[in-house]
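The primary structure of each chain is shown beneath.
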Amino acid sequence: MTRLYGIKNCDTVKKARNYLDKLGVDYVFHDYRSEGLSQDQLQIWVNALGWDSLLNKRSTTWRQLPDSIKDNIDQTSAVQVMLDQPTVIKRPVLELNSGVYLGFSARRYDDLFSGQSSLPD
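Residues numbered from 1 in each chain as written. Predicted model: local features only at pLDDT ≥ 70, side-chain atom pairs only at ≥ 80, totals over all residues. Heavy atoms only, no water.

## Re the environment of Asp71
Okay, so step 1: Within the secondary structure, Asp71 sits in the loop between helix H5 (67-70) and helix H6 (75-84).
Okay, so step 2: Under the relative-accessibility criterion, Asp71 is labelled exposed at 60%.
Okay, so step 3: Residues Asp71 and Gly99 lie 28 residues apart in sequence; the distance between their C-alpha atoms is 31 Å. (Helix = DSSP H or I, 4+ residues; strand = E, 2+ residues; numbered from the N terminus. Buried < 20%, exposed > 50% of the residue type's maximum accessible area, 1.4 Å probe, protein only.)

## Re the confidence of the model for the chain
Okay, so step 1: Across the chain, pLDDT averages 92, with 94% of residues at or above 70.
Okay, so step 2: Below pLDDT 50 for its whole length, residues 117-121 participates in 12 contacts with residues either more than four positions away or in separate chains. (pLDDT = per-residue confidence, 0-100. Contact = heavy atoms within 4.5 Å.)

## Describing unusual backbone geometry
Okay, so step 1: Of the consecutive residues Arg91 and Pro92, the connecting peptide bond is found in the cis state with omega at -5°.
Okay, so step 2: Among the structural elements, Pro92 can be located in the loop between H6 and strand E3 (93-96).

## Notes on helix H2 (residues 39-49)
Okay, so step 1: Inspection of H2 places Gln41, Leu42, Trp45 and Val46 among the buried residues, and these make up the whole buried set. Projected down its long axis, H2 carries its buried residues within an arc of 140°, all on one side. Among the exposed residues of H2, those pointing more than 90 degrees away from its buried face are Asp40 and Asn47.
Okay, so step 2: Just beyond H2, the residue with positive phi is Gly50, at close to 90°. (Arc of directions from axis to C-beta.)

## Re the pairing of strand E2 (residues 27-31)
Okay, so step 1: Counting buried residues in E2 gives 4 out of 5 residues, a clear majority hidden from the surface.
Okay, so step 2: Both strand E1 (residues 2-6) and E2 contribute to a ladder of 5 bridges, which runs parallel. Across the sheet, the residue bridging to Gly6 is Asp31, located in E2.
Okay, so step 3: In terms of handedness, the path from E1 via helix H1 (residues 11-23) over to E2 forms a crossover that is right-handed. (Pairing = 2+ DSSP bridges. Right-handed = clockwise from strand over helix to strand, strands pointing away.)

Next up, the structure:
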């Protein structure tokens, strides 16, 4: 099953969703702002991508965090921040078969989906 994670009003997520629709890809969208995110799911991403890749230090949410958190960030505290405030996670996150991919690029999506109209679970 192909899953796309993000927040529905993010412009980059909108681009990714529109592109997947254009390719005819069958996917499930999960808005982690409204639907939340489990620690297990986040840990899969951390293991695949690294916590530092997932943490968006340019986001408004990150900038609003207390300096005491930002100055002492490590994997444990980063995971907790991302669970508490999922909008600090870079987006979109795409799960495809056994792979996890961060961000949107038309070229990457073309490579990943190879023009297939639907992917098996």
